[in-house]
Amino acid sequence: MRDFATDVVLTDGVLELRPLRSSDREGLYAAASDPATWAQHPAKGRAERAVFDPYFDFLLGAGGTLVAIEVATGTILGCSRFYDVPDQPDGIAIGFTFLGCAYWGGAWNRRMKALMVGHVLQSRPEVWLHIAPDNIRSQIAGGRVGAVHQYDADLDMGQGPVPYKCYTITAQSWADATRTPIEA
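We now turn to the structure provided with this report. As the structure is a prediction and not an experimental result, all values here were calculated from the model.

## Side note on the packing of aromatic side chains
Point 1. Counting across every chain of the model gives eight aromatic pairs.
Point 2. Ring centres 5.6 Å apart and planes at 40° place the aromatic pair Phe 58 and Phe 96 in the tilted group. Of this pair, Phe 58 sits in helix H2 (residues 49-62) while Phe 96 sits in strand E5 (residues 88-99), and the two are 38 residues apart along the sequence.
Point 3. In this structure Phe 58 comes out as partly exposed when scored by relative accessible area, which is 34%.
Point 4. The class for Phe 96 is partly exposed, based on a relative accessible area of 23%.

## Remarks on helix H5 (residues 171-178)
Point 1. The complete set of buried residues in H5 reads Ser 173, Trp 174 and Thr 178. For H5, the angular spread of the buried residues around the axis is 110°, confining them to a single face. Structural note: H5 exposes Gln 172 and Asp 176 on the side pointing more than 90 degrees away from its buried face.
Point 2. Residues of H5 that are buried make contact with helix H3 (108-121), helix H4 (136-144), strand E7 (148-156) and strand E8 (161-169).
Point 3. Looking one or two places after H5, you find Arg 179, whose phi comes out positive at around 65°.

## Description of the packing of helix H1 (residues 25-32) against H2
Point 1. With their axes 11 Å apart at the nearest point, H1 and H2 run at an angle of 125° to one another. In terms of axis orientation, H1 runs oblique to H2. At the point where H1 passes H2, the crossing takes the right-handed sense. Along its contact with H1, which presents Arg 25, Glu 26, Leu 28, Tyr 29 and Ala 32, the element H2 presents Arg 49, Phe 52, Asp 53, Phe 56 and Asp 57.
Point 2. Its residues placed into classes, the contact of H1 with H2 shows five nonpolar, no polar and five charged.

## Examining the state of the cysteines
Point 1. The tally for this structure, following the rule as stated, stands at zero disulfides.
Point 2. Among the cysteines around Cys 101, which has no disulfide bond, Cys 79 carries the closest sulfur, lying 14 Å off.
Point 3. Residue Cys 101 is classed as partly exposed on the basis of its relative accessible area of 22%.

## A short note on the pattern of salt bridges
Point 1. Here the structure, examined in full by the defined rule, presents seven salt bridges.
Point 2. Linking Arg 49 and Glu 26 is a salt bridge whose minimum nitrogen-to-oxygen distance equals 2.6 Å. Of this pair, Arg 49 sits in helix H2 while Glu 26 is found in helix H1, placing the two residues 23 residues apart along the sequence.
Point 3. Assessed through its relative accessible area of 27%, Arg 49 is described here as partly exposed.
Point 4. Here the salt bridges do not stand alone but share partners, grouping Arg 25, Glu 26, Arg 49, Asp 53 and Asp 57 into one network.

About the criteria used
- Residues numbered from 1 in each chain as written.
- Predicted model: local features only at pLDDT ≥ 70, side-chain atom pairs only at ≥ 80, totals over all residues.
- Heavy atoms only, no water.
- Phe/Tyr/Trp six-rings, centres within 6.5 Å; stacked < 30°, edge-to-face > 60°.
- Helix = DSSP H or I, 4+ residues; strand = E, 2+ residues; numbered from the N terminus.
- Buried < 20%, exposed > 50% of the residue type's maximum accessible area, 1.4 Å probe, protein only.
- Arc of directions from axis to C-beta.
- Contact = heavy atoms within 4.5 Å.
- Axes fitted to C-alpha atoms, helices over the stretch in contact; angles between N-to-C directions.
- Parallel < 35°, antiparallel > 145°, perpendicular 65-115°, else oblique.
- Left-handed = near helix turned anticlockwise from the far one by under 90°.
- Nonpolar A, V, L, I, M, F, W, Y, C, P; charged D, E, K, R; others polar.
- Disulfide = S-S within 2.5 Å.
- Salt bridge = Lys/Arg side-chain N within 4 Å of Asp/Glu carboxyl O.

Next comes the structure, spelled out in structure tokens:
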């Protein structure tokens, strides 16, 4: 999996997604430093430097992480990650996603997902999302881009089994939900 996004740069001219670098630590922390960003997330303390730094180190070491950058300003908005699906041997998932609060409620999440989903669908029939059961904001956002709930499972994403709601997005479910075809 590590190689799935090693050299990929995805852009639509407004948003650029490129592999996370160690030099992105301060910019990504600036995007992550508002406690409201993590209010519905299981790791509610990530706005604190002492919690964020180990998370950043995990993302950097795990591979597949793309930093989201507003092209016009060069501002880091957040990040997302491609990773293997623990219980689907050929599956690729998108997750570990966050955007700074200033980028909520607009087209940023949809742009990010369009680029990443399109990339996965070039080689796979669907892309997976794993969302914490109490993360209603992400469940709603997933539905807006065509995520369809498949099942609930306790999955180990590196820190022991945790409950997740497991969703898939296909080219058709994306098109149905967004009324636009996905670039695959």
